[in-house]
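Examining the three-dimensional arrangement
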Amino acid sequence: MLELIRDLWGFMRARKKFWLAPIIIILLLLGSLIVFTQGSAIAPFIYTLF
């Protein structure tokens, strides 16, 4: 996992694609939100956002 992050950072730094960083962070946050709330009582409220 650490190697993947290092490779992504190297790609963004070499090709000046720093605009990808916020997109990747938001996708990771949304994915973790869906995974962690899948079986909880918060799940019905999360689904109303989408």
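The notes below deal with the structure included here. Not measured: the values here are computed from a predicted model.

**Describing the overall build of the protein chain**
The secondary structure content of the protein chain amounts to three helices and zero strands. Starting at the N terminus, the α and β elements of the protein chain follow one another as α-α-α. Along the first, second and third principal axes, the C-alpha atoms of the protein chain reach 45 × 20 × 10 Å. Counting across all 50 residues of the protein chain, residues that qualify as buried make up 8%. Put simply, the protein chain shows about 4,500 Å² of open surface, and 74% of that area lies on carbon and sulfur atoms.

**With respect to the environment of Thr-48**
For Thr-48, the position within the fold is in the segment after helix 3 (43–47). Accessibility expressed as a relative area gives 63% for Thr-48, which makes it exposed.

**A closer look at unusual backbone geometry**
The backbone of Lys-16 shows a phi angle near 55°, a positive value even though the residue is not glycine. Its relative accessible area of 62% is what places Lys-16 among the exposed residues.

Scoring rules and cut-offs
Residues numbered from 1 in each chain as written. Predicted model: local features only at pLDDT ≥ 70, side-chain atom pairs only at ≥ 80, totals over all residues. Heavy atoms only, no water. Helix = DSSP H or I, 4+ residues; strand = E, 2+ residues; numbered from the N terminus. Buried < 20%, exposed > 50% of the residue type's maximum accessible area, 1.4 Å probe, protein only. Areas by Shrake-Rupley, 256 points an atom, 1.4 Å probe, with all protein chains shown as cover.

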